[in-house]
Amino acid sequence: CTNFLTTQLTSSKTSDSYYQTPSDAATALVGCYNGLDLIWNSGVAVPLMAEVESDNCFGGTGSSDGYGYEMMDEFNKSVSPSDVSLFEGDWEAYYQAIYRCNTLIGKIGQVNWGKDTASAKTDEGEAKFLRAYLYYDLVRLFEKVPLITVPTMANVPQASPDSTYAQIISDLKYAAANLPSTPYPNVVNGRATKWAAEAMLARVFLFYTGYYGKADCAGFTKADALAAIDDVRDNSGYGLVTDYTTLWPAASAAKGVTYAGEDNKEVIFSIKYTGNGNYSGNITGNPFAIMTGMRIGAGGGTSIYPYAYGWGAATVDPKLWNAFSASDSRRFASITSITDEGLDTKYTTITGKAFTGDNNREYTGYYLKKYSPMCDSLNNALPNTNYLVAQPQDYFDMRYADVLLMAAELELGTNSGQALIDFNRVHTRAGLTAATSITLADIMNERRLEFAGEGIRYWDLLRQGIQTAATTIVANTTASYLSDGTSSPAITVANIEATRGFQQIPENQITLSGGVLKQNAGW
Amino acid sequence: QTPTIDLSLKNVPLKACLSAIEKQCDYTFMYDNSINTDQPVTVEARQASLPVVLQKVFEHTSIRYEIVGKQIILKNKPATSSITFTGKVVDSQNEPLIGASVIVKGTSKGTITDVHGNFSISDIPLNTNLVVSYIGYNSKDIVANSAHQTITLSENNRQLNEVVVVGYGVQQKKLITGATVNVSGQDLQKLSTTNALQALQGQTAGVNITTTSGQPGGGIKVNIRGVGTIGNSNPTYVVDGVITNDISYLDNADIASVDVLKDAASAAIYGINGANGVVLITTRGGSFGVNGAPKAQISFDTYYGLQNVARKLSLLNAPEYATLQNEAAINSGVTPFFTQAQINAMGPGTNWLDEVLSKNVPTQNYNIAATGGNAASMYSLAFSYTDQGGIIGGASLSDYQRYNFRVNTEDKLYGNFMKLGEHFTYSHINQRGIQDQGIYNSSLRGVFNTSPFLAMYDANGNFLNSTKSTFYNGGPWDTGEANPYAMMLYTNQSRTNYDKLLGDVYLSIQPVKGLTVKSTFGLEYDGSAYHGYSPTYDLSATAINTTESISQSSSVGYTWNWDNTANYIFKVNKNHFDVLLGNSIRQYTGSWLYGSNQGSTLFGNLQYAYLSNSAITSIAASTSSTDTKVVTNTISLTGNANPVVAHSSFFGRINYDYNETYLATVVLRADGSTMFAPGYQWGEFPSFSAGWVITNEKFMAPTKNWLDFLKLRGSWGINGNDNISTTFAYESLIALSNATYNLGGTDVPGSYPNTIGTKNLKWESSHQLDFGFDARLLENLNVNFDWYNKTTKDWLVQAPLLATAGVSTPPYINGGDVTNKGVEVQLSYNNHIGRDFHYTVTGTYSYNRNNVTNIPTVDRIIHGGTNILFANSGEFYRAQAGNPIGFFWGYKTAGIFQSEADVLAWRSKSGKVLQPNAQPGDVKYVDVNGDGVIDANDKTDIGDPNPHHMFGATLSCTFKNFDFSVDASGVAGNKIAQSYREEASQYSNWTTAMLNRWHGAGTSNTMPRVTLNNSNWVNFSDLYLQNGAYLRINNVTLGYDFAKLINCKYIHQCRLYGSVENLFTFTKYNGMDPEVGFSTQGAGSNYNFGQGVDVGMYPRPRTYLVGLSVKF
């Protein structure tokens, strides 16, 4: 009867019977990448949160929706007291993705690699890059998070940010050292590369040393950062595309130029999405895109070529529009102005009704364009399978322009000539006259314009110190564009400073931990 | 001196007369058991001497007496002459009993009754004692005399002498030491329900039966002695020895009896399967002919009924809705939507509930059966057909058809040495239905929440797209709302066929007297075939489907079991032993296949919606010049084998009694299960029980004349449960699905660990103590009483896991204890008034308190789910120590703020204004923890969804050829959380309850003001709760038997009846139906333990039906 009670599992493998062959490991690594598609598909997309909380955008969303996005925008829990677990979806998805990476990294030794020892290193390197990428988001969002590098069901208390940054640096260094130095275009689009790891090292260094006012990040010095970013700038094979507009599909369509594609030479690392997303668990669509889509028409349901409608989150503060000079090609590419592009008139033609922006809370007349969902020429939202969960546009996480501006920032004061060259490559590409000298403020402003709507501005503000960040964010929100008759955004320096720029830890997880997890100040 | 005696007795049993005489003098009667002391005597004596009285007593009997000293010795008179005795045997309803045996006592001489119930027995002495018996009836002793006698036998279904089914055998009910309850199939068949379990409602104390949906074929939830786990708390069903989890495939007419094993001792023989109680079903068998004469009976039963909604929810019409929307706007500081003139000009708008409800929907049932047998073999065959349409959407959308075939036979081989038999039932179910559970995709939710402004049709007679509505200032009112009737029609295009074959073959031999060795092979086959069609539609801004799609799926499952038992019954003097030893192995295997395809279809309808009738195409890239990725995953094909589940079991039982007075039973069962890791697979489940038939004691003699029977009993035992939805929960599993990533422009398949295994997972067990008694008083009143204390330990739960563990499916762990304590009373009384009026009254009552004693998770709570009451609604029920399972967790309220002063006066103990931002008309929340702030810490236990009291009653009576019965049941002590409105939207319609809202000081202290953001309803509070008590008149039936009028030799019954199902419900609950069986899902997990949540349930219909029962 012992045999009778021994049954075989036909529908799955177990973690003991799996991770045996290099092919198992390669497939498991894809599962780790799939984690990147999960992280923003529940809760709040991090670039969206960053745009809303920065001085670029308001919360937006529908006039009868909950006030969660306003709560973020205003750093004020009392705006939407019931939203105690706004980021729970993120928290869960990030740790799911981390669990996949941790399991694979832990099982690398179990795999029978044979002669394929190179794959052992690259698989581990990519998994460690992904783990670092995930923890870098978490540590910026919540500052103190449980640092888990070996799968566990234990109730782990939050680690100090220094420990988490040390782990991030260590993982990125491993990736930079072990991933091959194959240059673009001989890399597989979507995979983490040595170049992505090096650029991330510089980004982490700048944020950590900026926010915490430290000289180095877990022993990773400014010289290390400069060396890393120079290596990417000079040896990676990546570069700038000529026309900024061609980086963005909606802008390209609106302007009538050819989209550069997702594998263009400027994209060092991206989160890949597909149009195959569905409601049956295949979570591979870009959630950031559908949220920023314009919410016009009664009910928010009218597309106007090439812009498909979305949920109208992160409505653009007109001050961002005004920050661009009219000759800056990045203005059109980054922001959709309803009146400037005549969309109000087109709306009336399509629907036969007068245009109102009423359905969108905090409607400003400006929407983010870079990740705007799109429609076909007959104004049908794309992809027509399931546009809500299948927005295919990749999120460009690390562009070559960022490498140039980071290089300029790191070189400023030590190698100002090179800094100016790097800066001007980005600046002139936008159709502007080359600068003759630059300051850190110029670089920060350039970054604001270059990366508008890409979820980068908020972190750039924070790394200038919470005070600078708070005053900048507050200074930019005076006007009221509310359509639902409720109070206008009341962002105060005190509220922002109280949170130190970090987000609310999901209350449900604190409850589940029995109080082992501690809530962030200000929430 | 001769004593004098006063007697005035009319038709009393002789024994009563004798004891009356004994009381009045110091003489005692001496007699042996050949004297029939049950025969009726009539004596009238005033101050008469003893000899005179004795003369009178015995003058019409066959007894002679002799006075010896102070003793009166009774003897039967010697036979004088031979007579031919004739008579007729009938049942309590005066129906002839065919094949009843009439035997001379102590001999094998006798006869059986013919088809009219008549018998004739010749060449017997006058005053011979005869025994009249019939299976299922109490035997009766009669004395033969020259007169023709009509002998009425009473049914013994509920009597103590009956034999009831226990696990792997039968036992005399009077000797049972556990808590069981028996319901005859006839009682189920009297109620014309599609599902037999529904007919059981209210008939068995301690068994709470709730329909989870009133839809045809809808589920039924059964809890025996309270909810013992947050996992699957349904009992195990055993049909003729074969374990199954669903008996909806049976027709009521197939069932001979239902025995519910409630306490641990009774269920212990099923060890692993016993933790939530066991329901044993015996299907109808044939009967061996008596004295070699073959017999047969053919019966035909049918009913046809019309169903309508029993209670309709009242929703706001257009002017009422507009008025409240205006008020909400004003309360939210926004300009009102409508002028009074506009409101006045409105018609009533669309009543969506009327649009989806169908009237006079038919339900029908036909059953034809034959039973019979000869001396060596017997059979029972039946075919039945049931068809019930649904009252929402009508039979085209919601319908349940069932075809049953049943064959049961048994043959005796080599005399009584061997028995060979089988039971097989095949059923084919054809089902379609609308979605009615939960808030998403539920047709009813659409009905409740769509505004009355939206019209059904546009000018062309097509369903109106809400974006094209011109109701509101020439434009649409809410472009997000979609015609709920059309949505119901479009999104419920599916049909499922279920096939089930359940049965067994068995062989038993009796090598020596008292020893029976039996081997049974049982099989359950379940197959299902589904196909669905999704048409294109465009009903609102969001309710759009641009491509047709077809889906098709099928699954099969086989479970076989092989049971071997040896049963030895023997006695040593007055010690009776019944010893059972056995083993059982059982294995489940199964597989499934699912496919769907999106794109144009050949036929464009459900009837031909099969995969090959759709174009296997990908959707073309858009015509846009921009980079839009070609979508190719329009075809989905998945399938797999289900994990094999196997059980291996050994069990033994000893039933012992001493002289049928001191009773004891010991059961031990060991089960091994593949649900657990090697080393954790085996569990042992013991039980002990004892009983004392106290009425057999000499000292109980004084109560004999009113207390016929009293048995005290007690039991203790452990039952197990391994019923979790995940096999291999002890392993970390790797998933391949939904793990692709786009690398280099192609979707590359990935994998990931999606569970965490818990190696040391073990059995869930329930420990139960039971004390009770069974009594019969005054011959006609049966009383059963039980007190129990049941603790379920080591629940197999998917406890919510910290997200940092990294899996979305929390692993199973052992944890959580819950106790259920209660009492049960079951009463039945039957009697007659005169010869023609017979009546039976039964009543059941049970009381249960459920209390969680331990939850082992970090925060000691198992959380309820979210998004249940409305989109984005928070948690509102939990399992937590010190509270009942699934208690409602929310804010206490203290009325409505009537004024600004009221708001300022609502302060904490320390004088802090509790709700400074509240407006008059808002809800006052209670600061439960007294910290001066209203926040989540003030949420508390505000109600128990588990009923505390459950009751049922049946009255049935017959008068000549008429029969009449009323059946009622209900519950009390529970709360229902009602949420019909989608509070996430400002546009949702309200029920008319909202007309009583606060709209100015003094207008209401219970219903808050309306606002656009529904702020008073966002937080779960006792505003949502209502008393869930109800008493439902389930069935009223009046019938008449025409058989006598027809007077045909071959027709023994021809009963025509009319009945009403769900006639009336007494309740204060204002929803559609207080019987809320919907179970809601716990946080992020597979189990459903939220009870009493009414978010709009398919209501049970009221049915008027006529039926016919003919027996040949």
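The notes below deal with the structure included here.

Thresholds applied
- Residues numbered from 1 in each chain as written.
- Chains lettered and ligands numbered in written order.
- Predicted model: local features only at pLDDT ≥ 70, side-chain atom pairs only at ≥ 80, totals over all residues.
- Heavy atoms only, no water.
- Helix = DSSP H or I, 4+ residues; strand = E, 2+ residues; numbered from the N terminus.
- Rg over C-alpha atoms; globule rule 2.2 N^0.38 Å.
- Contact = heavy atoms within 4.5 Å.
- Areas by Shrake-Rupley, 256 points an atom, 1.4 Å probe, with all protein chains shown as cover.
- Lys, Arg positive; Asp, Glu negative; His and termini not counted.
- Charge placed at Lys NZ, Arg CZ, Asp CG, Glu CD.
- Buried area = accessible area lost by both parts, 1.4 Å probe.
- Salt bridge = Lys/Arg side-chain N within 4 Å of Asp/Glu carboxyl O.
- Polar contact = N/O pair within 3.5 Å; in protein donor to acceptor, adjacent residues only side chain to side chain.
- Pairing = 2+ DSSP bridges.
- Axes fitted to C-alpha atoms, helices over the stretch in contact; angles between N-to-C directions.
- Phe/Tyr/Trp six-rings, centres within 6.5 Å; stacked < 30°, edge-to-face > 60°.
- Buried < 20%, exposed > 50% of the residue type's maximum accessible area, 1.4 Å probe, protein only.
- Parallel < 35°, antiparallel > 145°, perpendicular 65-115°, else oblique.
- Left-handed = near helix turned anticlockwise from the far one by under 90°.
- Nonpolar A, V, L, I, M, F, W, Y, C, P; charged D, E, K, R; others polar.

## A short note on the overall build of chain B
The secondary structure content of chain B amounts to 13 helices and 62 strands. A globule of 1112 residues ought to have a C-alpha radius of gyration of about 32 Å, and chain B, at 34 Å, matches this closely. Sequence separation of 24 or more characterises 69% of the internal contacts of chain B that already satisfy a separation of 6 or more. Total accessible area computed for chain B in this model is approximately 44,300 Å², and 56% of it derives from carbon and sulfur atoms. Here chain B contributes 75 positive and 84 negative side-chain charges, whose respective centroids are spaced 7 Å apart.

## Quick word on the interface of chain B and chain A
Every contact between the two is made by 74 residues of chain B and, on the other side, 78 residues of chain A. Between chain B and chain A, roughly 6,200 Å² of surface is buried when both sides are summed, and carbon and sulfur atoms account for 61% of that area. Put simply, chain B and chain A have zero salt bridges between them. Inspection of the region where chain B meets chain A yields eleven residue pairs in polar contact (both at pLDDT 80 or more).

## Here's the deal with the sheet that holds strand E52 (residues 940–943) of chain B
Residue and element names in this part refer to chain B. The sheet built from four strands is open, its strands ordered E47-E48-E49-E52 with antiparallel pairing. Because the sheet does not close on itself, it has two edges, and the strands there are strand E47 (861–863) and E52. The mean inter-strand angle of the sheet, taken between neighbouring strand axes irrespective of direction, is 50°. Note that E47 and strand E48 (residues 877–880) share three bridges and pair antiparallel.

## Thoughts on the side chain of Asn 129 of chain B
Tracing the sequence through the fold places Asn 129 of chain B in strand E10 (residues 129–133). Setting aside its immediate chain neighbours within four residues, Asn 129 of chain B contacts Ser 34, Asn 36, Asn 76, Ile 103, Val 104, Lys 105, Ile 142 and Val 143 of chain B.

## Focus: the packing of aromatic side chains
Residue and element names in this part refer to chain A. In this structure the tally under the stated criterion is 85 aromatic pairs over all chains. A centroid spacing of 5.1 Å and a plane angle of 70° characterise the contact between Trp 91 and Phe 142, whose relative ring orientation is edge-to-face. With Trp 91 in helix H4 (residues 88–107) and Phe 142 in helix H5 (residues 117–142), this residue pair connects regions lying 51 residues apart in the sequence. Like Trp 91, the residue Phe 142 is buried in the burial classification.

## Regarding the side chain of Asp 578 of chain B
Residue and element names in this part refer to chain B. Summarising the element assignment, Asp 578 is placed in strand E32 (residues 575–598). Within the structure, the side chain of Asp 578 is placed 2.7 Å from the side chain of Asn 567, a separation counted as a polar contact. If we ignore the near neighbours within four places in the chain, the residues touching Asp 578 are Asn 567, Tyr 568, Ile 569, Arg 653, Ile 654 and Asn 655.

## Focus: the packing of helix H15 (residues 416–429) of chain A against helix H16 (residues 440–450) of chain A
Residues and elements named next belong to chain A. Contact pair H15 / H16: the axes reach a minimum separation of 11 Å and the direction vectors enclose 40°. Looking at the two axes, H15 sits oblique to H16. Here the hand of the crossing between H15 and H16 comes out left-handed. Residues Phe 423, Val 426, His 427 and Arg 429 of H15 touch H16, and the partners they reach there are Asp 442, Ile 443, Glu 446 and Glu 450. Of the residues in the contact of H15 with H16, the class split is three nonpolar, one polar and four charged.

Scope: geometric values only; no functional claims are made or implied.
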